[in-house]
Amino acid sequence: QPSMAGQQPGGGPMRTGPVILPRLEPDFVRHIAESMGMTNLTINGQIYICEQVSHLLKRIVLDSHKFAIHGRRAKVVGADVEAALRLAGLENLTPLGHTLPNPPPMVQVPNMYGEDLFVPDDTEVDLAELRARPPTELPAAPYLRAHWLVYNGHMPRVPENVQQPEEEEPKPQEDSAAAIAARRETSEASTSSAGATFKRAAREVSTNEQVMVQAVPAETLSVEQQRYFKEIVEACVGGSDDRRAAALQSIEMDTGLQALLPKLSRLIFDSVRLNVVYRCMSMLIYLVRIVRALNNNKSVRIEPYLHELLPSLMSCMVGRQLCMRPEVDNHWALRDFSGKTLVNIINAHSKNPTLRVRVYKALRKIFDDPNSTYGQIFGVTHALNEIMTHQERHDCYNRYVDLTNACHPSATTGLTPEGKAEAGKLYQVLLKLETSMLRSYRSVTENL
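Residues numbered from 1 in each chain as written. Predicted model: local features only at pLDDT ≥ 70, side-chain atom pairs only at ≥ 80, totals over all residues. Heavy atoms only, no water.

- An unreviewed UniProt entry annotates the chain as Transcription initiation factor TFIID subunit 6 originating from Pristionchus fissidentatus.
- The UniProt entry for the chain carries this comment under Subcellular location (unreviewed entry): "Nucleus". (UniProt positions renumbered as here; feature names shortened; annotations may be inferred.)

Printed below as a string of C-alpha cells:
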C-alpha cells in the first residue's frame, strides 16, 4: 500500500520538520509473525497492528524529542528514549541495552580485505613520563567560616578583615631634664612593685586575636578603686603570706568588687596564659585562689566573666607541663585545686543548663584522648566525677576500666620512675571513684 506519511488529509504536501516519524507496513508485520511461527494472521490484523505500533512509535519519538528540548540538547540520546518509554508505561523495555548515554569516540580504520573497521580512539600514554611526573597534591577541602565585619560600630581585628592603616599622631618632644627624670622615676617604681609581673603580662599579650565573646564594658574606676585594685593584686601575688590571706579574705567579703571584675577577670586570663607558657606554678596557684575567692563572694556576680575564668581554670587542670620540674614540684595539688574550684563554680551556676554540658564535653575529650598524659587525666577525673550523670558515668565506664588496668602497679613495670609515680597518683584517684562508677554502671544497665 502506498504510504500517506508525506500528504495531509486535504491532499496537499505536509510541511517537513526536524522529527522523522516512523511508519510500519503490513508486510513487515507479516514477516515478523511468520518468524515467530504465526501463519494465520489475516490482512486486517496486520493493518491493525501496523496502525497501533506506528502510533506508539510516533508518540515515543515525539516525547523523546520533547525531553531532548527540555534538556537543552540538540540530539536525542538514549536517556530521552527511556524517559519516553517510562512515560508511555513501558518500564519493562528500559534500559535499552543497545544505547549508551555517552558513546566513546570511534576512529575509522581502512581495511583492504573488506569493510572498514571502527575502533575506539585511545590515546597513547608514555608510561616513563607518567612515572616520572610528581604526584598531584589534593586540593584542600572547602569550608565556610563566619566572622564579624562590624560589631558595635567597630571592625574586629581578625585576619579576615583588612585593617586600615592608622595615622600616627605626632608625639610631643619632651627633651627637658624634668621630663626625663619623671619617666625614669615612673619606670623604676613600676619594676620594683609586686605587680610588675601582671603589667608585663598585659603588655606582652597579643591583641590581634579573634574575639569570640562580647567583652563586658569596664566601668570607669575612681582613684580609690584603682588604688584598691593595685594593692589587692600586689598582696595576692606578693611574698607576704599574711597580706595574701588578708587580701583573699577581702575579696571573699567585700561587696563593692563588681566594678573591678572586668579588669580583674581579664588580668587573671592573661596572667594564666602567660604563666602556663613560662611554667610558673606558684603564680598559677595564686591566681586560682583569687578565682575561688571571687566565687565564694555572694555579692559578686561572676557569670558575665565565666568565658575568661573557666578557660583559666581548665588550663591549670589539663596543662601538659605546669612547672619546671614535674618530678619534684607538686603540680598535682594545683590540678586538684583547680578542678574543685571549677566544680564549685558549676554548682553555683546550676541554673545555666548549657554550662555543665559544655564543660563536660571539654573534659570528656581530654579523658578519652589516648594521647593525654597521666597528669592531664588526673586533672579532669575529679571534676568529671562530680558533674557527670549516671548515664554519662555509664558511657565512661569502659575508658575508666582501661585506665585503671593501665595504671595498676603490675602494668607499670616497664615505665620510667617518673612514669611510675604519675601512674601511681592517677591510680589512687581512680580507686576512690570505683564505687560511684560501678554503682552508676549497674543502675543504667539494669534499667535498659
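Next comes the rest of the account.
### A short note on the overall build of the chain
Item 1. Looking only at helices and strands, the chain has 17 helices and 2 strands in total.
Item 2. Split into buried and exposed, the 448 residues of the chain put 31% on the buried side.
Item 3. Of the roughly 30800 Å² that the chain leaves accessible, carbon and sulfur atoms contribute 56%. (Helix = DSSP H or I, 4+ residues; strand = E, 2+ residues; numbered from the N terminus. Buried < 20%, exposed > 50% of the residue type's maximum accessible area, 1.4 Å probe, protein only. Areas by Shrake-Rupley, 256 points an atom, 1.4 Å probe, with all protein chains shown as cover.)

### Things to note about the packing of helix H14 (residues 374–387) against helix H15 (residues 390–407)
Item 1. Two numbers describe how H14 lies on H15: the axes approach to 13 Å, and their chain directions differ by 145°. You can see that H14 and H15 cross each other, and the crossing is left-handed. On the side of H14, the interface is formed by Tyr374, Ile377, Asn385 and Ile387, while H15 contributes Glu392, Arg393, Arg399, Leu403, Ala406 and Cys407.
Item 2. Counted by class, the contact of H14 with H15 contains 6 nonpolar, 1 polar and 3 charged residues. (Axes fitted to C-alpha atoms, helices over the stretch in contact; angles between N-to-C directions. Left-handed = near helix turned anticlockwise from the far one by under 90°. Contact = heavy atoms within 4.5 Å. Nonpolar A, V, L, I, M, F, W, Y, C, P; charged D, E, K, R; others polar.)

### Comments concerning helix H7 (residues 223–237)
Item 1. With 15 residues, H7 extends 22 Å between its outermost C-alpha atoms, agreeing within 8% with the 21 Å of an ideal straight helix rising 1.5 Å per residue.
Item 2. Of all the residues in H7, the buried ones are Phe229, Ile232, Val233, Glu234, Ala235, Cys236 and Val237. (Expected span 1.5 Å × (residues − 1).)

### Observations regarding the environment of Leu57
Item 1. On the secondary structure map, Leu57 appears in helix H2 (residues 43–70).
Item 2. Judged by its relative accessible area of 30%, Leu57 is partly exposed.
Item 3. C-alpha of Leu57 to C-alpha of Leu85: the two residues are 28 residues apart in sequence and 9.8 Å apart in space.

### Brief notes about the packing of aromatic side chains
Item 1. Summed over the entire model, instances satisfying the criterion amount to 3 aromatic pairs.
Item 2. Measuring from ring centre to ring centre gives 6.3 Å for Tyr397 and Tyr400, while their planes differ by 35°; the resulting arrangement is tilted. Note that Tyr397 and Tyr400 are positioned in helix H15 at a spacing of 3 residues, about one turn of the helix.
Item 3. Given a relative accessible area of 17%, Tyr397 falls into the buried group.
Item 4. Looking at Tyr400, the relative accessible area reads 5%, which means it is buried. (Phe/Tyr/Trp six-rings, centres within 6.5 Å; stacked < 30°, edge-to-face > 60°.)

### Remarks on the side chain of Asn295
Item 1. Along the polypeptide, Asn295 turns up in helix H10 (residues 281–296).
Item 2. Residue contacts for Asn295: discarding those within four places in its chain leaves Ile302, Asn344, Ile345, Ala348 and His349.

### Points about the pattern of salt bridges
Item 1. Evaluation of the coordinates by the stated rule reveals 14 salt bridges.
Item 2. Measuring nitrogen to oxygen at the nearest pair gives 3.2 Å for the salt bridge that ties Arg227 to Glu231. With Arg227 and Glu231 both in helix H7 and 4 residues apart, this pair spans about one turn of that helix.
Item 3. As a salt-bridge pair, Arg356 and Glu392 come within 3.1 Å of each other at their nearest N and O atoms. Taken as a pair, Arg356 in helix H13 (residues 353–368) and Glu392 in helix H15 lie far apart in primary sequence, 36 residues in all.
Item 4. Arg356 sits in the partly exposed class, given a relative accessible area of 23%.
Item 5. Salt bridges sharing common partners tie together Arg266, Asp270, Arg273 and Glu308. (Salt bridge = Lys/Arg side-chain N within 4 Å of Asp/Glu carboxyl O.)

### Looking at the nonpolar core
Item 1. Counting residues in each nonpolar core, the largest one holds 72 residues, and the members touching the most others are Ile251, Ile268, Ile290, Leu294, Leu342, Val359 and Leu363.
Item 2. The element contributing the most residues to this core is H10, with 10 residues.
Item 3. In this structure Ile290 touches Cys236, Leu248, Ile251, Leu264 and Ile268, once residues within four positions along its chain are discounted. (Core = buried A, V, L, I, M, F, W, Y, C linked by side-chain atoms within 4.5 Å.)

### Details of the confidence of the model for the chain
Item 1. Of the residues in the chain, 81% have a pLDDT of 70 or more, and the chain-wide mean is 80.
Item 2. In the predicted structure, residues 1–17 sits below a pLDDT of 50 and forms 14 contacts with residues beyond four places in sequence or in another chain.
Item 3. Confidence drops under a pLDDT of 50 for residues 187–194, and excluding neighbours within four residues, the segment shows 8 contacts in the predicted structure. (pLDDT = per-residue confidence, 0-100.)

### Focus: the environment of Tyr305
Item 1. Tracing the sequence through the fold places Tyr305 in the loop between H10 and helix H11 (306–318).
Item 2. When the C-alpha positions of Tyr305 and Leu264 are compared, they lie 9.7 Å apart, and in sequence the two are 41 residues distant.

### Remarks on the side chain of Ser338
Item 1. In this fold, Ser338 is placed in helix H12 (residues 331–348).
Item 2. Setting aside anything within four residues of it in sequence, one finds Ser338 in contact with Val288, Leu313, Cys316 and Met317.

### So, unusual backbone geometry
What is expected of a backbone is that most residues other than glycine have negative phi and most peptide bonds are trans.
Item 1. The residue Arg72 is not glycine, and still its phi comes out positive at about 55°.
Item 2. Assignment of secondary structure puts Arg72 in the loop between H2 and helix H3 (78–87).
Item 3. Overall, the relative accessible area of 72% leaves Arg72 in the exposed class.
Item 4. Notably, Arg279 is not glycine yet its phi reads approximately 60°, a positive angle.
Item 5. On the secondary structure map, Arg279 appears in the loop between helix H9 (261–278) and H10.

### Considering the packing of H13 against H14
Item 1. Between H13 and H14, whose axes approach to 9 Å, the crossing angle comes to 145°. Two packed elements cross with a definite hand, and for H13 against H14 that hand is left-handed. Of H14, the residues touching H13 (which contributes Arg356, Val359, Tyr360, Leu363, Arg364, Ile366 and Phe367) are Gln376, Ile377, Val380, Thr381, Ala383, Leu384 and Ile387.
Item 2. Partitioning the contact of H13 with H14 into residue classes produces 10 nonpolar, 2 polar and 2 charged.

### Section: the environment of Glu392
Item 1. A residue is classified by how much of its surface remains accessible, and Glu392, at 13% relative accessible area, is buried.
Item 2. Remark: the alpha-carbon pair of Glu392 and Val444, spanning 52 residues in sequence, is separated by 9.8 Å.
Item 3. With sequence-adjacent residues up to four places away left out, Glu392 is seen in contact with Arg356, Tyr360 and Ile387.
Item 4. A distance of 3.1 Å separates the side chain of Glu392 from the side chain of Arg356, its partner in a polar contact.
Item 5. Looking at Glu392, its side chain comes within polar contact range of the main-chain nitrogen of Thr389, at 3.1 Å. (Polar contact = N/O pair within 3.5 Å; in protein donor to acceptor, adjacent residues only side chain to side chain.)

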